[in-house]
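Analysis of the macromolecular model
One-letter residues, chain by chain:
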Amino acid sequence: MSVTPLSSLLPAVGVVPFVRNLAAHGDRPAIVTRDGEITYAGLAERVARTAERLGPGRRLVLVIGANTVDSLVAYLAALYAGHPVLLVPGGHDAALASLVDAYDPDVVVGPADGGWRIEHRRAASAHDLHPDLALLLSTSGSTGSPKLVRLSQANLQANAEAIGEYLGIRDTDRAATSLPLHYCYGLSVVNSHLARGAALVLTGLSVADACFWELFGESRATTFAGVPYTFDLLDRVGFATMDLPHLRYVTQAGGRLAPERVRRYAELGRRAGWDLYVMYGQTEATARMAYLPPDLALDHPAAIGVPVPGGAFRLAPVADHPDPAVGELVYAGPNVMLGYAHSPADLALGRIVDELHTGDLARRTGNGLWEIVGRRSRFAKILGLRIDPQQVEGLLAAHGVVATCLDGDDELIVAVVGVGDPRRIRRLVADEVALPPRAVRVLTLPELPRLASGKPDLVALRGLAAAEASPPAPAAVGDLCRLYAEVLDRTDVTPELSFVDLGGDSLSYVEMSVRLEQELGHLPANWHTRPIGELRRPAAASGPRRRRALETSVALRAAAIVLIVGSHIPLFTITGGAHVLLAVAGFNFARFQLTDADQRDRLRQVRTGLARIVLPTVAWIGAVMLVSDQYKLSTLLLVNSIVRPEDAPHGWHFWFIEAVVYLLVGLAALLGLRRVDGWERRHPFAFPLGLTALALLGRYDVFGLDARYDLPSALVAGWLFTLGWAAARADGVRQRLLVTAVAAGTVPGFFGQPGREALIVAGFALLTWLPTVPSWAVVNKVAGVLAASSLYIYLIHWQVYPHLRDLPLVALAASLAGGIAYAALVNRVWRWATARRKRSSRRDQMTPGRSVDGPTPS
């Protein structure tokens, strides 16, 4: 491949050496993506083309940062052509507009209209640009603060070389971009690996996404970087059990990682054959200032380690500090910034600082390691983002909210005066500073505590925040939030949200109820609609108990599926389980689809529920049809109970699933009418009871239609579903008695089988009167797995037990195990599809646009 010579494109000022020398690495891989590899020669050619389009005259170039080839090429091309780069985060329009307004860049490069566009705002720069200036980065997250760090070409090169040296980066290494390009830590990963001729596995996926790890393994990645929150996600996705044979080291920075977690991950790495590098840095030092050698992590997990090659620390005295060994950490080295910029006029300045006062309080241990013990300033470092509380206060003031902000333990505390909507304030702050909502805590106060000077009393505010956060029981709210996040695969869990608020459905409900009972020692009434922060372990349940409780609907689902399969084998004959499941389906429909959300969200929840039933059902039936003639097209299309073909003797196998699907479709159409939706909201108990009365016309075949036309099961047995719905809405003894009476009065005679009918009535009684049933921990675990897999067990058991009829116990066990395995497969595919859909949505939002003067940069 021929590479366009670049010397003619460059201005007379210096260029960062690792950018200038990209082509020297030849055909080595530089970038690995899902779409393939780009060699260093290919990358250099793309950089050359984009550098030429940026032009030779030195101008201020704003690049919208993203973990994409286009964004990376734009960043490198601007550096190569000698243009100072203002690198800003994508997806934050307010911050972008603020910086554009404050610095008036000459060129803007970013996504637009289906491609990437270079917008030349003027032919010659409007600014006086110092010849050493190479890069401008924000220190305050995504608030759009005009305070920027000015970095030189020498800064970038020095820090890239230092990182490459202490990490021992090889040209065979492949670093996954687990952090954003615009974030100094994420950018340092890019710079240091390109400086060493190593490859970047370029992705915008989160480590919480299974597709990230698929790409990591397929591309033989050797390293990734993380902030403290990254390690929360790693715990959630089971990182400790992953098989990553090429992983050489993991780096951590962006905030303090708890010593116990440092020790745990260091030990995990020791066993698995990779190293953990705990590091310390700031944007003002281009990224890294210190690192802890991996062999010291187990014995010194609280230390930041030693200065990076070429750097040095000293302590500046802090007046009135009680420990004379503690001072403000001051760093000196070739990676120290030129200084700050507050306006375009500052872009003409050269170096005005020689060392960096970090604002961190530190001490040096007897073995020469450095430790951070606190902060001097109000700047908060939360989940790897450096947040300026005063900037956030200004943003809130613009929205009419009087507030004081301060950092907590990996959260931003927002103390507001007067009565406000905490959810609105939390979302407003989270959106402005790019923090997940769970990391923003709103503290509502009648007035702010103040010092004699009139300034807010931050010490008093911290005390109020700590008092509010103190849990009255051993089950910490933070632990419950992490549990919800794990089960629901959400990153925005906060104590004010409930299971239903977070989109929980009947499938995730099973696992959540079992694990919540294990955590709390009991299941609070209506826990699925109560905010997480209200869920507490009772004082009398402070220790472990052998006797536990199991949510009744979970117990019924587990018992019913065992009875269904066992009766079909037959190992025993106890029928009625499927009709109990029909009642439970109605019960769960009321709880998870008919939430307090608006009509559109309700219908979306119904559609999602339908998809989670129909897709795995059709997939299984289709797979069976490929290898046998057991089912016909009517079965695959779930219309067997309507067309009833004579040549489909096994089509009735899925009558239950057809009934649930027809009922959900019909009810979605009914509730899609605005007036009907309003009736249901105003009369939550009377509405399903009225539907039950209508459905009983089919049960008793009042008009003789069933005898004449053999009606679908949804019309004949649908009253069980709507009565289960009414049971979920029953509030008080009278309403529960009414549901029980209706069940006891209508079920007998339906089958002409007293034992079967008694089982169904008993199921209704349990569902209506008992939120939980007594159990044991081991039973809870088994019941949870069976209940969560009940649909899939029902699907596959028809193909399993006939081959094992002579061994009925084995047939039962095999049917249950097969269904559990199919459930695991479906859930994995569902998570993959959800992640892919989210990625596609993000790509649609950030799809690179075409330039007004041609495609760019790739």
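Please refer to the structure placed before this passage.
Before going into details, it helps to say that this report is about the structure given with it. Since the structure is predicted, the reported quantities are computational estimates derived from the model, not experimental observations. (Residues numbered from 1 in each chain as written. Predicted model: local features only at pLDDT ≥ 70, side-chain atom pairs only at ≥ 80, totals over all residues. Heavy atoms only, no water.)

**Some remarks on the overall build of the protein**
Rules: Secondary structure is summarised from DSSP: a helix means a run of H or I of at least four residues, a strand means a run of E of at least two, and numbering begins at the N terminus for each. Accessible area is worked out with a 1.4 Å probe on protein chains only. A residue is then buried under 20% of its type maximum, exposed over 50%, and partly exposed in between. Contact between two residues is taken to exist if any of their heavy atoms lie within 4.5 Å; hydrogens are not considered. Using a 1.4 Å probe, accessible areas were evaluated by the Shrake-Rupley method; residue-level cover was limited to the displayed protein chains.
Scanning the protein for helices and strands turns up 29 helices and 27 strands. Burial statistics for the protein: of 858 residues in total, 54% are counted as buried. Restricting to contacts in the protein with at least 6 residues of sequence separation, those with at least 24 account for 70%. Summed over its atoms, the accessible surface of the protein is roughly 36100 Å², and 56% of this surface lies on carbon and sulfur atoms.

**Quick word on the pairing of strand β1 (residues 29-33)**
Counted only if it meets this: Paired strands, in this sense, are two strands between which DSSP finds at least two bridges.
With respect to burial, β1 is a largely interior element, five of its five residues being buried. As paired strands, β1 and strand β2 (residues 36-39) are joined by four bridges and run antiparallel to one another. Directly across from Thr33, in β2, lies its bridge partner Gly36. Hairpin connection of β1 to β2: two residues between the antiparallel strands. Bridge count for β1 against strand β10 (residues 199-201) is two bridges, and the pairing is parallel. Its bridge partner being in β10, Val32 is matched across the sheet by Val201.

**What about the sheet that holds strand β24 (residues 412-417)?**
Selection rule: Between N-to-C directions, angles span 0 to 180 degrees; the directions come from axes that are lines fitted to C-alpha atoms, helices contributing only their stretch in contact.
The strand order across the open sheet formed by three strands is β23-β24-β25, and the pairing between neighbours is mixed. Both edges of this open sheet fall to β23 (403-407) and β25 (440-445), since each of them pairs with a single strand only. Ignoring which end each strand starts from, the neighbouring axes of this sheet average 20° apart. When β23 meets β24, the two strands line up antiparallel, connected through five bridges. Counted as the bridge partner of Thr404 is Ala415 from β24. The strands touched by helix α10 (residues 389-398) within the sheet are β23 and β24, with β23 carrying the most contacts at an inclination of about 150°.

**Observations regarding the sheet that holds strand β5 (residues 107-112)**
The seven strands are arranged β6-β5-β3-β4-β7-β8-β18 in an open sheet whose pairing can be described as mixed. Every other strand in the sheet has two partners, leaving β6 (114-120) and β18 (339-341) as the edge strands with one partner each. Within the sheet, the average angular offset between the axes of one strand and its neighbour, ignoring direction, is 30°. Two elements, strand β3 (residues 61-65) and β5, share three bridges in a ladder whose sense is parallel. Its bridge partner lying in β5, Leu62 is registered against Val108. Contacting β7 (133-138) and β8 (148-152), helix α5 (residues 153-167) runs over the sheet at an angle of about 80° to β8.

**As for the environment of Leu636**
Among the structural elements, Leu636 can be located in helix α18 (residues 633-636). Sequence spacing of Leu636 and Val618 is 18 residues, and the spatial spacing of their C-alpha atoms is 5.8 Å.

**Description of the side chain of Asp360**
Mapped onto the fold, Asp360 is located in strand β19 (residues 355-364). Its relative accessible area of 5% is what places Asp360 among the buried residues. Aside from chain neighbours lying at most four places away, what touches Asp360 is Tyr280, Gln282, Gly327, Glu328, Leu329, Ile372, Gly374 and Arg375.

**Some points on the packing of aromatic side chains**
Aromatic ring pairs are reported here in terms of the distance separating the ring centres and the angle at which the planes meet. Defined as follows: Centre distance within 6.5 Å is the pairing criterion for rings of Phe, Tyr and Trp, where only the six-membered ring of Trp is used; planes under 30 degrees apart are then read as stacked, over 60 as edge-to-face, and the remainder as tilted. The rule for a charge over a ring is simple: NZ of Lys or CZ of Arg within 6 Å of the ring centre, and within 35 degrees of the ring normal.
All chains considered together, the criterion is met by 31 aromatic pairs. Taking the centre distance of 5.6 Å and the plane angle of 40° together, the rings of Trp213 and Phe239 count as tilted. Taken as a pair, Trp213 in helix α7 (residues 210-218) and Phe239 in the loop between α8 (228-236) and β12 (249-252) lie far apart in primary sequence, 26 residues in all. Both residues of the pair, Trp213 and Phe239, belong to the buried class. When the ring of Tyr794 is compared with that of Trp798, the centres are 6.2 Å apart and the planes differ by 90°; the resulting orientation is edge-to-face. With Tyr794 and Trp798 both in helix α28 (residues 790-800) and four residues apart, this pair spans about one turn of that helix. Take Tyr794 and Trp798: they sit in the same class, and that class is buried. Aromatic ring contacts, followed pair by pair, group Phe212, Trp213, Phe216, Phe224, Phe231, Phe239, Tyr265 and Trp274 into a single cluster. One residue, Lys147, lies across the ring of Tyr340, its end atom 4.2 Å from the ring centre. Taking the ring centre of Tyr700 as reference, the NZ or CZ of Arg699 above it sits at 4.0 Å.

**Topic: the pattern of salt bridges**
Oppositely charged side chains are able to pair whenever their charged atoms sit close together. Just so we agree on the cut-off: For this document, the term salt bridge refers to a Lys or Arg side-chain nitrogen within 4 Å of an Asp or Glu carboxyl oxygen.
If you walk through the whole model with that rule in mind, you get 24 salt bridges. A salt bridge links Arg121 to Asp104; the nearest nitrogen and oxygen atoms lie 3.2 Å apart. With a gap of 17 residues between them, Arg121 in the loop between β6 and β7 and Asp104 in the loop between α4 (93-103) and β5 connect regions that are remote in the sequence. The exposure class assigned to Arg121 is partly exposed, which follows from its relative accessible area of 34%.

**Description of the packing of helix α15 (residues 552-568) against helix α16 (residues 577-593)**
What counts here: Oblique is the label for any angle not covered by the other classes, which are roughly parallel (under 35 degrees), roughly antiparallel (over 145) and roughly perpendicular (65 to 115). Working rule for handedness: look at the near helix, and if it is turned counterclockwise from the far one by less than a right angle, call the crossing left-handed; if clockwise, right-handed.
At a closest axis distance of 9 Å, the pairing of α15 and α16 adopts a crossing angle of 150°. By the angle between their axes, α15 is roughly antiparallel relative to α16. In the packing of α15 onto α16, the handedness of the crossing is left-handed. Of α16, the residues touching α15 (which contributes Ser553, Leu556, Arg557, Ala560 and Ile564) are Gly577, Ala578, Val580, Leu581, Val584, Phe587, Asn588 and Arg591.

**Section: the nonpolar core**
Note the following rule: What is meant by a nonpolar core is a set of buried Ala, Val, Leu, Ile, Met, Phe, Trp, Tyr and Cys residues, joined one to another through side-chain atoms within 4.5 Å.
Judged by nonpolar contacts, the single largest core of 111 residues is most densely connected at Leu43 and Phe239. Counting residues per element, this core draws most heavily on helix α3 (residues 69-80), at 10 residues. Leave out the neighbours within four places in its chain, and Leu43 touches Leu22, Ala30, Ile31, Ile38, Val73, Leu76 and Leu194.

**Details of α4**
Note the threshold: Directions are taken from the helix axis to each C-beta atom, and the arc is the one they span.
Three or more residues of α4 are buried, namely Ala95, Leu99 and Tyr103. What you see down the axis of α4 is that its buried residues fit within an arc of 40°, all on one side. Opposite the buried face of α4, at more than 90 degrees from it, the exposed residues are Asp93 and Asp101. Next to the buried residues of α4 lie β4 (85-89), β8 and β18. Directly after α4, the chain includes Asp104, whose backbone phi takes a positive value near 45°.

**Section: the environment of Gln157**
By the element assignment, Gln157 lies in helix α5. Its relative accessible area of 12% is what places Gln157 among the buried residues. Excluding residues within four positions of it along the chain, Gln157 makes contact with Val16, Pro17 and Phe18.

**As for the pairing of strand β11 (residues 223-226)**
What counts is decided by this rule: By the criterion used throughout, a crossover qualifies as right-handed when its path from the first strand across the helix to the second strand runs clockwise, the strands pointing away from the viewer.
Because side chains alternate across β11, one face comprises the buried residues Thr223 and Ala225, and the other comprises Phe224 and Gly226, equally buried. Note that strand β9 (residues 174-176) and β11 share two bridges and pair parallel. Residue pairing in the sheet places Ala175 in a bridge with Thr223 of β11. Sheet topology places β11 next to β12; four bridges connect them, and they run parallel. Across the sheet, residue Thr223 finds its bridge partner in β12, namely Tyr249. Note on the crossover from β11 through α8 to β12: the handedness is right-handed.

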